[in-house]
Amino acid sequence: MRASLPSYELIAPENLGPALEMLAQAPGVWKPFAGGTDLMVLLEAGKLPHRKFVSIWKLPELRRIEVSPESLAIGALSTYTEIQRNEILQCEFPLLCRAASETGGIATQNRGTLGGNIANASPAADSPPALLVYDAQIELISAKGTRRLPYRDFHTGYKKIQMRDDELIWRIHLSRALKQRKEYYRKVGTRRAQAISKICFAAAASVEKGRINDVKIALGSVAPTVLRATETEKTLYGEKLSSALLKSAQAILVREISPIDDMRSTAVYRRRVAQNLLAEFFDAMSS
Amino acid sequence: MLDRAKKIRVRCTLNGSMVTLDAYPMARLLDVLRDEAGLTGAKEGCGEGECGACCVELDGELVNSCLVPALQAEGATIRTIEGVAKGEKLHAVQQAFITHGGAQCGICTPGMVLAAVNLLKRKPHATETEIREGLSGNLCRCTGYTKIFAAVMASCRDMDRTVEG
(Lines give C-alpha, C1' and ligand atoms only; values in the text may rest on other atoms or scores of the structure.)
Protein backbone atom coordinates (compact mmCIF):
# COMPACT_ATOMS: atom_id res chain seq x y z
CA MET A 1 0.00 0.00 0.00
CA ARG A 2 1.28 3.47 -0.86
CA ALA A 3 2.37 5.77 1.90
CA SER A 4 0.38 8.80 3.01
CA LEU A 5 2.61 11.71 1.99
CA PRO A 6 1.42 14.28 4.56
CA SER A 7 2.65 12.00 7.34
CA TYR A 8 6.26 12.32 6.18
CA GLU A 9 8.44 15.27 7.04
CA LEU A 10 11.60 16.07 5.15
CA ILE A 11 13.64 19.14 6.04
CA ALA A 12 16.85 20.34 4.40
CA PRO A 13 19.26 22.35 6.57
CA GLU A 14 21.76 24.29 4.48
CA ASN A 15 24.86 23.26 6.37
CA LEU A 16 26.24 20.44 8.43
CA GLY A 17 26.06 22.32 11.77
CA PRO A 18 22.27 22.79 11.83
CA ALA A 19 21.77 19.24 10.51
CA LEU A 20 23.80 17.81 13.40
CA GLU A 21 21.88 20.03 15.85
CA MET A 22 18.58 18.59 14.62
CA LEU A 23 19.89 15.04 15.08
CA ALA A 24 21.28 15.91 18.55
CA GLN A 25 18.23 17.71 19.97
CA ALA A 26 16.04 14.65 19.99
CA PRO A 27 18.07 11.59 19.04
CA GLY A 28 16.10 9.08 17.04
CA VAL A 29 13.34 11.52 16.12
CA TRP A 30 15.06 12.75 12.95
CA LYS A 31 16.88 10.39 10.65
CA PRO A 32 19.20 11.23 7.77
CA PHE A 33 18.00 11.01 4.16
CA ALA A 34 20.64 11.17 1.40
CA GLY A 35 20.03 10.26 -2.26
CA GLY A 36 16.84 8.32 -1.55
CA THR A 37 17.61 5.26 -3.66
CA ASP A 38 16.78 2.93 -0.77
CA LEU A 39 14.36 5.01 1.32
CA MET A 40 12.10 6.11 -1.55
CA VAL A 41 11.61 2.47 -2.53
CA LEU A 42 10.42 1.69 1.00
CA LEU A 43 8.22 4.80 1.00
CA GLU A 44 6.46 3.80 -2.21
CA ALA A 45 5.93 0.28 -0.91
CA GLY A 46 4.36 1.69 2.28
CA LYS A 47 7.22 0.17 4.29
CA LEU A 48 8.97 3.25 5.63
CA PRO A 49 7.98 3.27 9.31
CA HIS A 50 10.02 6.31 10.31
CA ARG A 51 8.33 9.64 9.55
CA LYS A 52 10.77 12.51 10.08
CA PHE A 53 13.85 12.91 7.92
CA VAL A 54 16.65 15.41 7.55
CA SER A 55 17.73 15.76 3.93
CA ILE A 56 21.54 15.75 3.94
CA TRP A 57 21.86 15.41 0.15
CA LYS A 58 23.17 18.90 -0.44
CA LEU A 59 25.44 19.31 2.58
CA PRO A 60 28.70 20.47 1.01
CA GLU A 61 30.81 19.25 3.94
CA LEU A 62 29.95 15.62 3.16
CA ARG A 63 30.53 15.80 -0.56
CA ARG A 64 34.27 16.21 -1.11
CA ILE A 65 36.89 13.64 -1.98
CA GLU A 66 40.05 14.91 -0.26
CA VAL A 67 43.45 13.65 -1.30
CA SER A 68 46.68 13.66 0.67
CA PRO A 69 49.92 11.82 -0.14
CA GLU A 70 49.09 9.16 2.44
CA SER A 71 45.34 8.76 2.15
CA LEU A 72 42.01 9.58 0.59
CA ALA A 73 39.01 10.87 2.53
CA ILE A 74 35.82 10.16 0.58
CA GLY A 75 32.87 12.28 1.72
CA ALA A 76 29.92 10.08 2.65
CA LEU A 77 27.69 11.75 0.05
CA SER A 78 30.00 10.92 -2.83
CA THR A 79 27.84 9.18 -5.41
CA TYR A 80 28.77 6.01 -7.27
CA THR A 81 29.22 8.23 -10.33
CA GLU A 82 31.61 10.57 -8.53
CA ILE A 83 33.60 7.60 -7.25
CA GLN A 84 33.98 6.20 -10.76
CA ARG A 85 35.02 9.58 -12.14
CA ASN A 86 37.80 10.14 -9.57
CA GLU A 87 41.14 9.38 -11.20
CA ILE A 88 42.99 8.43 -8.03
CA LEU A 89 40.26 6.00 -7.05
CA GLN A 90 40.38 4.56 -10.58
CA CYS A 91 44.15 3.99 -10.35
CA GLU A 92 44.62 2.97 -6.74
CA PHE A 93 41.29 1.58 -5.60
CA PRO A 94 39.86 -0.21 -8.65
CA LEU A 95 37.70 -2.58 -6.59
CA LEU A 96 35.70 0.36 -5.24
CA CYS A 97 35.22 1.82 -8.73
CA ARG A 98 34.22 -1.58 -10.04
CA ALA A 99 31.68 -1.96 -7.21
CA ALA A 100 30.31 1.52 -7.94
CA SER A 101 29.95 0.70 -11.64
CA GLU A 102 28.00 -2.47 -10.85
CA THR A 103 25.52 -0.84 -8.47
CA GLY A 104 22.25 -0.24 -10.32
CA GLY A 105 22.07 1.70 -13.58
CA ILE A 106 23.40 5.18 -14.35
CA ALA A 107 20.39 6.92 -12.77
CA THR A 108 20.91 5.03 -9.52
CA GLN A 109 24.66 5.67 -9.60
CA ASN A 110 23.95 9.41 -9.90
CA ARG A 111 21.95 9.41 -6.66
CA GLY A 112 23.20 6.52 -4.55
CA THR A 113 25.95 7.45 -2.10
CA LEU A 114 28.81 5.55 -0.51
CA GLY A 115 27.65 6.60 2.97
CA GLY A 116 24.13 5.48 2.18
CA ASN A 117 25.36 2.12 0.98
CA ILE A 118 27.18 1.69 4.31
CA ALA A 119 24.42 3.05 6.57
CA ASN A 120 21.69 1.04 4.88
CA ALA A 121 23.73 -1.92 6.13
CA SER A 122 22.51 -4.50 3.67
CA PRO A 123 24.67 -7.64 3.65
CA ALA A 124 24.18 -7.59 -0.14
CA ALA A 125 25.59 -4.08 -0.63
CA ASP A 126 28.19 -3.83 -3.40
CA SER A 127 30.78 -1.36 -2.11
CA PRO A 128 31.39 -2.68 1.46
CA PRO A 129 33.36 -5.77 0.34
CA ALA A 130 35.75 -3.44 -1.51
CA LEU A 131 36.02 -1.16 1.54
CA LEU A 132 36.79 -4.17 3.75
CA VAL A 133 39.56 -5.31 1.42
CA TYR A 134 41.09 -1.82 1.51
CA ASP A 135 40.94 -1.75 5.33
CA ALA A 136 38.87 1.44 5.22
CA GLN A 137 38.35 3.58 8.30
CA ILE A 138 35.02 5.26 8.84
CA GLU A 139 34.72 8.68 10.45
CA LEU A 140 31.48 9.66 12.14
CA ILE A 141 30.47 13.17 13.10
CA SER A 142 27.96 14.54 15.58
CA ALA A 143 27.37 17.80 17.44
CA LYS A 144 29.71 16.40 20.10
CA GLY A 145 32.64 15.82 17.74
CA THR A 146 34.06 13.13 15.52
CA ARG A 147 35.25 9.59 15.99
CA ARG A 148 36.99 7.19 13.71
CA LEU A 149 36.84 3.42 13.68
CA PRO A 150 37.93 0.56 11.44
CA TYR A 151 35.18 -0.20 8.93
CA ARG A 152 35.52 -3.92 9.68
CA ASP A 153 34.11 -3.27 13.18
CA PHE A 154 31.23 -1.12 11.92
CA HIS A 155 28.68 -3.82 11.11
CA THR A 156 27.81 -5.72 14.27
CA GLY A 157 24.85 -7.83 13.11
CA TYR A 158 22.13 -7.97 10.49
CA LYS A 159 21.36 -4.31 9.73
CA LYS A 160 23.11 -3.32 12.97
CA ILE A 161 25.83 -0.68 12.84
CA GLN A 162 28.06 1.13 15.32
CA MET A 163 26.45 4.52 14.85
CA ARG A 164 24.42 6.58 17.31
CA ASP A 165 21.19 8.30 16.33
CA ASP A 166 22.87 11.71 16.58
CA GLU A 167 25.71 10.77 14.23
CA LEU A 168 26.26 10.95 10.50
CA ILE A 169 28.87 9.16 8.45
CA TRP A 170 31.25 11.98 7.55
CA ARG A 171 33.90 10.32 5.43
CA ILE A 172 35.60 7.09 4.57
CA HIS A 173 39.39 6.97 4.76
CA LEU A 174 41.52 4.80 2.50
CA SER A 175 45.24 4.41 3.02
CA ARG A 176 47.34 4.84 -0.13
CA ALA A 177 50.23 2.79 1.28
CA LEU A 178 49.23 -0.46 -0.37
CA LYS A 179 50.14 -0.69 -4.02
CA GLN A 180 50.93 -3.08 -6.83
CA ARG A 181 48.56 -5.76 -5.82
CA LYS A 182 46.55 -8.39 -7.61
CA GLU A 183 42.96 -7.32 -7.22
CA TYR A 184 39.79 -9.22 -7.93
CA TYR A 185 36.09 -8.30 -7.75
CA ARG A 186 33.13 -10.22 -8.94
CA LYS A 187 29.47 -9.75 -8.28
CA VAL A 188 27.25 -12.68 -9.25
CA GLY A 189 23.62 -11.78 -9.84
CA THR A 190 20.68 -12.97 -11.90
CA ARG A 191 21.80 -10.76 -14.77
CA ARG A 192 24.92 -8.73 -15.37
CA ALA A 193 23.33 -5.30 -14.97
CA GLN A 194 21.03 -3.97 -12.29
CA ALA A 195 20.76 -7.09 -10.17
CA ILE A 196 21.17 -7.36 -6.42
CA SER A 197 23.97 -9.82 -5.74
CA LYS A 198 23.52 -13.50 -4.99
CA ILE A 199 27.13 -13.32 -3.85
CA CYS A 200 29.84 -10.71 -4.11
CA PHE A 201 33.57 -11.39 -3.73
CA ALA A 202 36.33 -8.79 -3.42
CA ALA A 203 39.97 -9.56 -2.78
CA ALA A 204 43.48 -8.20 -3.07
CA ALA A 205 46.85 -9.82 -2.60
CA SER A 206 50.50 -9.05 -2.88
CA VAL A 207 52.22 -12.00 -4.54
CA GLU A 208 55.95 -12.38 -4.99
CA LYS A 209 57.46 -15.32 -6.88
CA GLY A 210 54.31 -17.31 -6.35
CA ARG A 211 54.18 -16.62 -2.61
CA ILE A 212 51.25 -14.75 -1.07
CA ASN A 213 52.73 -12.04 1.15
CA ASP A 214 49.54 -10.25 1.99
CA VAL A 215 45.94 -11.06 1.23
CA LYS A 216 42.53 -9.68 2.04
CA ILE A 217 39.22 -11.25 1.10
CA ALA A 218 35.69 -9.94 1.71
CA LEU A 219 32.29 -11.21 0.67
CA GLY A 220 28.74 -9.94 0.45
CA SER A 221 25.41 -11.83 0.59
CA VAL A 222 26.84 -14.84 2.44
CA ALA A 223 26.31 -13.83 6.09
CA PRO A 224 24.20 -11.44 8.23
CA THR A 225 26.74 -8.70 7.44
CA VAL A 226 29.36 -8.14 4.78
CA LEU A 227 32.24 -10.32 5.87
CA ARG A 228 36.05 -10.30 5.97
CA ALA A 229 37.16 -13.90 5.47
CA THR A 230 39.98 -13.71 8.00
CA GLU A 231 40.33 -17.47 8.55
CA THR A 232 40.70 -18.04 4.83
CA GLU A 233 43.23 -15.22 4.68
CA LYS A 234 45.29 -16.89 7.46
CA THR A 235 45.37 -20.11 5.47
CA LEU A 236 46.84 -18.28 2.49
CA TYR A 237 49.18 -15.92 4.23
CA GLY A 238 52.85 -16.65 3.44
CA GLU A 239 52.00 -19.74 1.39
CA LYS A 240 52.96 -20.63 -2.17
CA LEU A 241 50.15 -20.72 -4.70
CA SER A 242 49.17 -24.30 -5.48
CA SER A 243 46.08 -26.35 -6.16
CA ALA A 244 46.45 -28.05 -2.78
CA LEU A 245 46.44 -24.64 -1.10
CA LEU A 246 43.32 -23.65 -3.05
CA LYS A 247 41.58 -26.81 -1.92
CA SER A 248 42.30 -26.25 1.77
CA ALA A 249 41.40 -22.55 1.51
CA GLN A 250 38.08 -23.45 -0.14
CA ALA A 251 37.32 -25.80 2.76
CA ILE A 252 38.01 -23.04 5.27
CA LEU A 253 36.03 -20.44 3.32
CA VAL A 254 32.93 -22.59 3.14
CA ARG A 255 32.98 -22.94 6.94
CA GLU A 256 33.57 -19.25 7.43
CA ILE A 257 30.48 -18.09 5.55
CA SER A 258 26.88 -18.69 6.63
CA PRO A 259 24.68 -18.14 3.61
CA ILE A 260 20.92 -18.66 3.65
CA ASP A 261 18.18 -19.52 1.19
CA ASP A 262 16.31 -16.38 0.17
CA MET A 263 14.43 -14.91 -2.79
CA ARG A 264 17.66 -14.37 -4.75
CA SER A 265 19.50 -17.62 -4.28
CA THR A 266 20.14 -20.67 -2.10
CA ALA A 267 22.72 -21.44 0.55
CA VAL A 268 23.99 -24.42 -1.47
CA TYR A 269 24.54 -22.29 -4.57
CA ARG A 270 26.25 -19.53 -2.60
CA ARG A 271 28.65 -21.96 -0.91
CA ARG A 272 29.58 -23.48 -4.23
CA VAL A 273 30.03 -20.14 -5.99
CA ALA A 274 32.07 -18.70 -3.09
CA GLN A 275 34.54 -21.55 -3.64
CA ASN A 276 34.52 -21.04 -7.40
CA LEU A 277 35.21 -17.33 -6.99
CA LEU A 278 38.12 -18.13 -4.68
CA ALA A 279 39.48 -20.31 -7.49
CA GLU A 280 39.11 -17.39 -9.91
CA PHE A 281 40.95 -15.18 -7.45
CA PHE A 282 43.75 -17.78 -7.41
CA ASP A 283 43.90 -17.49 -11.21
CA ALA A 284 44.16 -13.71 -10.83
CA MET A 285 46.97 -14.09 -8.28
CA SER A 286 48.81 -16.49 -10.57
CA SER A 287 48.62 -14.29 -13.65
CA MET B 1 -3.10 12.95 13.23
CA LEU B 2 -0.29 14.93 14.80
CA ASP B 3 2.63 16.41 12.93
CA ARG B 4 1.30 16.42 9.42
CA ALA B 5 3.77 17.83 6.92
CA LYS B 6 2.66 20.88 4.98
CA LYS B 7 3.05 21.34 1.27
CA ILE B 8 6.11 23.30 0.24
CA ARG B 9 6.78 25.50 -2.74
CA VAL B 10 9.43 23.94 -4.97
CA ARG B 11 11.05 26.47 -7.26
CA CYS B 12 12.95 25.00 -10.15
CA THR B 13 13.79 25.47 -13.80
CA LEU B 14 11.72 23.02 -15.78
CA ASN B 15 12.54 22.56 -19.46
CA GLY B 16 13.97 26.07 -19.54
CA SER B 17 11.18 27.88 -17.65
CA MET B 18 11.16 28.96 -14.02
CA VAL B 19 8.26 27.28 -12.25
CA THR B 20 6.94 26.94 -8.73
CA LEU B 21 5.28 23.66 -7.83
CA ASP B 22 3.32 22.89 -4.67
CA ALA B 23 4.08 19.50 -3.21
CA TYR B 24 4.55 17.56 -0.01
CA PRO B 25 8.27 17.41 0.71
CA MET B 26 8.39 13.63 0.34
CA ALA B 27 6.23 13.55 -2.82
CA ARG B 28 7.95 11.78 -5.67
CA LEU B 29 9.30 14.14 -8.31
CA LEU B 30 7.64 11.85 -10.86
CA ASP B 31 4.18 12.57 -9.44
CA VAL B 32 4.87 16.28 -9.10
CA LEU B 33 5.93 16.49 -12.74
CA ARG B 34 2.94 14.53 -13.96
CA ASP B 35 0.22 15.90 -11.67
CA GLU B 36 1.36 19.44 -10.84
CA ALA B 37 3.33 20.38 -13.95
CA GLY B 38 1.17 18.37 -16.35
CA LEU B 39 4.19 16.73 -17.95
CA THR B 40 3.14 13.13 -18.47
CA GLY B 41 6.10 12.05 -20.60
CA ALA B 42 7.93 10.49 -17.67
CA LYS B 43 6.19 7.20 -16.91
CA GLU B 44 5.89 5.04 -13.85
CA GLY B 45 7.05 1.51 -14.52
CA CYS B 46 8.29 -0.20 -11.40
CA GLY B 47 8.28 2.65 -8.87
CA GLU B 48 11.51 1.36 -7.34
CA GLY B 49 14.35 2.60 -9.51
CA GLU B 50 14.78 -0.55 -11.58
CA CYS B 51 13.16 0.21 -14.93
CA GLY B 52 14.11 3.78 -15.90
CA ALA B 53 10.69 4.69 -17.38
CA CYS B 54 10.59 7.75 -15.11
CA CYS B 55 14.07 9.07 -16.03
CA VAL B 56 14.59 12.83 -16.16
CA GLU B 57 17.68 15.00 -16.02
CA LEU B 58 18.22 16.76 -12.69
CA ASP B 59 20.99 19.35 -12.85
CA GLY B 60 22.25 17.60 -15.97
CA GLU B 61 22.42 14.13 -14.44
CA LEU B 62 20.08 11.27 -15.29
CA VAL B 63 17.89 10.29 -12.32
CA ASN B 64 14.89 8.09 -11.64
CA SER B 65 12.24 10.67 -10.77
CA CYS B 66 10.31 8.07 -8.75
CA LEU B 67 13.18 8.08 -6.22
CA VAL B 68 13.65 11.84 -5.87
CA PRO B 69 11.63 13.57 -3.14
CA ALA B 70 10.16 16.92 -4.23
CA LEU B 71 12.11 18.82 -1.59
CA GLN B 72 15.41 17.81 -3.21
CA ALA B 73 14.30 19.34 -6.52
CA GLU B 74 14.26 22.81 -4.94
CA GLY B 75 16.48 25.10 -6.99
CA ALA B 76 17.24 22.37 -9.53
CA THR B 77 17.32 22.50 -13.30
CA ILE B 78 15.14 19.72 -14.65
CA ARG B 79 14.76 18.46 -18.19
CA THR B 80 12.03 15.97 -19.04
CA ILE B 81 11.39 14.26 -22.36
CA GLU B 82 9.13 17.22 -23.26
CA GLY B 83 12.24 19.44 -23.20
CA VAL B 84 14.39 17.35 -25.54
CA ALA B 85 13.08 18.47 -28.95
CA LYS B 86 13.69 22.08 -29.92
CA GLY B 87 10.22 23.16 -30.99
CA GLU B 88 9.30 20.97 -33.93
CA LYS B 89 12.87 19.86 -34.46
CA LEU B 90 13.51 16.46 -32.98
CA HIS B 91 16.76 15.56 -31.26
CA ALA B 92 18.98 13.21 -33.29
CA VAL B 93 18.17 10.40 -30.84
CA GLN B 94 14.42 10.90 -31.21
CA GLN B 95 14.69 10.90 -34.99
CA ALA B 96 16.83 7.76 -34.89
CA PHE B 97 14.25 5.95 -32.74
CA ILE B 98 11.65 6.69 -35.43
CA THR B 99 13.93 5.72 -38.31
CA HIS B 100 15.07 2.46 -36.71
CA GLY B 101 11.79 1.42 -35.09
CA GLY B 102 13.19 1.81 -31.57
CA ALA B 103 9.76 2.11 -29.94
CA GLN B 104 6.79 -0.23 -29.69
CA CYS B 105 4.38 0.20 -26.77
CA GLY B 106 6.14 3.44 -25.83
CA ILE B 107 6.22 3.18 -22.05
CA CYS B 108 10.01 2.89 -21.84
CA THR B 109 10.65 5.28 -24.72
CA PRO B 110 10.79 8.66 -22.90
CA GLY B 111 13.23 7.27 -20.33
CA MET B 112 15.19 5.37 -22.95
CA VAL B 113 15.52 8.46 -25.16
CA LEU B 114 16.57 10.65 -22.22
CA ALA B 115 19.12 8.05 -21.07
CA ALA B 116 20.55 7.99 -24.60
CA VAL B 117 20.55 11.80 -24.91
CA ASN B 118 22.29 12.06 -21.55
CA LEU B 119 24.84 9.41 -22.54
CA LEU B 120 25.68 11.13 -25.84
CA LYS B 121 26.05 14.44 -24.02
CA ARG B 122 28.76 12.82 -21.85
CA LYS B 123 30.16 10.52 -24.54
CA PRO B 124 29.37 11.81 -28.02
CA HIS B 125 31.26 8.91 -29.61
CA ALA B 126 30.03 6.19 -27.28
CA THR B 127 31.06 2.65 -28.15
CA GLU B 128 28.57 -0.18 -28.30
CA THR B 129 29.67 -1.29 -24.82
CA GLU B 130 29.24 2.22 -23.45
CA ILE B 131 25.77 2.39 -24.98
CA ARG B 132 24.84 -0.94 -23.40
CA GLU B 133 26.12 0.27 -20.02
CA GLY B 134 24.48 3.68 -20.44
CA LEU B 135 21.07 2.12 -21.11
CA SER B 136 21.36 -0.78 -18.67
CA GLY B 137 19.06 1.00 -16.20
CA ASN B 138 16.27 1.25 -18.78
CA LEU B 139 14.17 -1.84 -19.33
CA CYS B 140 12.10 -2.55 -22.44
CA ARG B 141 9.74 -5.50 -22.67
CA CYS B 142 8.84 -5.10 -26.36
CA THR B 143 11.73 -4.48 -28.69
CA GLY B 144 14.35 -6.93 -27.52
CA TYR B 145 16.66 -3.89 -27.45
CA THR B 146 18.24 -4.54 -30.86
CA LYS B 147 16.44 -1.70 -32.60
CA ILE B 148 17.03 0.61 -29.67
CA PHE B 149 20.78 -0.04 -29.86
CA ALA B 150 20.65 0.46 -33.62
CA ALA B 151 18.91 3.80 -33.10
CA VAL B 152 21.42 5.01 -30.51
CA MET B 153 24.38 3.79 -32.57
CA ALA B 154 22.97 5.67 -35.56
CA SER B 155 22.38 8.82 -33.54
CA CYS B 156 26.02 8.73 -32.40
CA ARG B 157 26.93 9.10 -36.06
CA ASP B 158 24.18 11.68 -36.71
CA MET B 159 25.17 13.81 -33.71
CA ASP B 160 28.24 14.93 -35.59
CA ARG B 161 26.01 16.51 -38.20
CA THR B 162 23.34 18.10 -35.99
CA VAL B 163 23.13 20.50 -33.11
CA GLU B 164 24.47 19.29 -29.77
CA GLY B 165 21.77 17.98 -27.45
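About the cut-offs
- Residues numbered from 1 in each chain as written.
- Chains lettered and ligands numbered in written order.
- Predicted model: local features only at pLDDT ≥ 70, side-chain atom pairs only at ≥ 80, totals over all residues.
- Helix = DSSP H or I, 4+ residues; strand = E, 2+ residues; numbered from the N terminus.
- Buried ≥ 20, exposed ≤ 12 C-beta atoms within 10 Å, placed from the backbone.
- Contact = placed C-beta atoms within 7 Å.
- Domains from an automatic or database assignment.
- Nonpolar A, V, L, I, M, F, W, Y, C, P; charged D, E, K, R; others polar.
- Core = buried A, V, L, I, M, F, W, Y, C linked by C-beta atoms within 7 Å.
- Pairing = 2+ DSSP bridges.
- Axes fitted to C-alpha atoms, helices over the stretch in contact; angles between N-to-C directions.

Caption draft 1: Structural context of the overall build of chain B. Of regular secondary structure, chain B possesses five helices and five strands. When the helices and strands of chain B are placed in sequence order, the string is β-β-α-β-β-β-α-α-α-α. Counting every position in chain B, which comprises 165 residues, the buried fraction comes to 49%. A sequence separation of at least 24 residues applies to 59% of the contacts in chain B between residues at least 6 apart.

Caption draft 2: Structural context of the domain arrangement of chain A. Residue and element names in this part refer to chain A. What the domain assignment reports for chain A is domain 1 (5-55), domain 2 (62-175) and domain 3 (182-286). Breaking the side of domain 2 that touches domain 3 down by element, the ones donating at least two residues are helix H5 (94-101), helix H8 (127-133) and strand E8 (155-157). Considering each element in turn, the side of domain 2 that touches domain 3 owes the most residues, five residues, to H8. When its residues are assigned to classes, the side of domain 2 that touches domain 3 shows 12 nonpolar, four polar and four charged.

Caption draft 3: Layout of the nonpolar core. By size, the foremost hydrophobic cluster in this structure holds 136 residues, and its most contacted members are Ile56(A), Leu96(A) and Ala116(B). A per-element tally of this core places helix H3 (residues 109-122) of chain B first, with eight residues. Ignoring any residue separated from it by four or fewer positions in sequence, one finds Leu96(A) in contact with Ile83(A), Leu89(A), Ser127(A), Ala130(A), Leu131(A) and Tyr134(A).

Caption draft 4: Just the sheet that holds strand E5 (residues 71-75) of chain A, in detail. Residue and element names in this part refer to chain A. Taken in spatial order, the five strands make up an open sheet running E4-E5-E10-E6-E7, and their pairing is antiparallel. In the strand order of this sheet, the two ends are held by strand E4 (65-67) and strand E7 (145-150), each with one partner. Across the sheet, the mean angle from the axis of one strand to that of its neighbour is 20°, orientation sign disregarded. Relative to strand E10 (residues 168-175), E5 runs antiparallel, the two being bridged by five bridges. In the strand pairing of E10, Leu 72 is matched with Leu 174.

Caption draft 5: Fine view of the interface of chain A and chain B. Facing the 24 residues of chain A at the interface are 29 residues of chain B. Those elements that place two or more of their residues in the side of chain A that touches chain B are strand E1 (9-11), helix H2 (39-44) and helix H6 (106-109) of chain A. Among the elements that take part in the side of chain A that touches chain B, H2(A) stands out by supplying four residues, more than any other. Along the lines of polarity and charge, the residues of the side of chain A that touches chain B split into 12 nonpolar, nine polar and three charged.

Caption draft 6: Seen up close, the domain arrangement of chain B. Residue and element names in this part refer to chain B. By domain assignment, chain B separates into domain 1 (8-83) and domain 2 (92-159). The gap between the C-alpha centroids of domain 1 and domain 2 is 21 Å. With 13 residues of domain 1 at the interface, the matching set in domain 2 holds 11 residues. Among the elements that make up the side of domain 1 that touches domain 2, the one with the highest residue count is strand E3 (residues 55-58) (three residues). For the side of domain 1 that touches domain 2, the per-class residue count stands at eight nonpolar, three polar and two charged.

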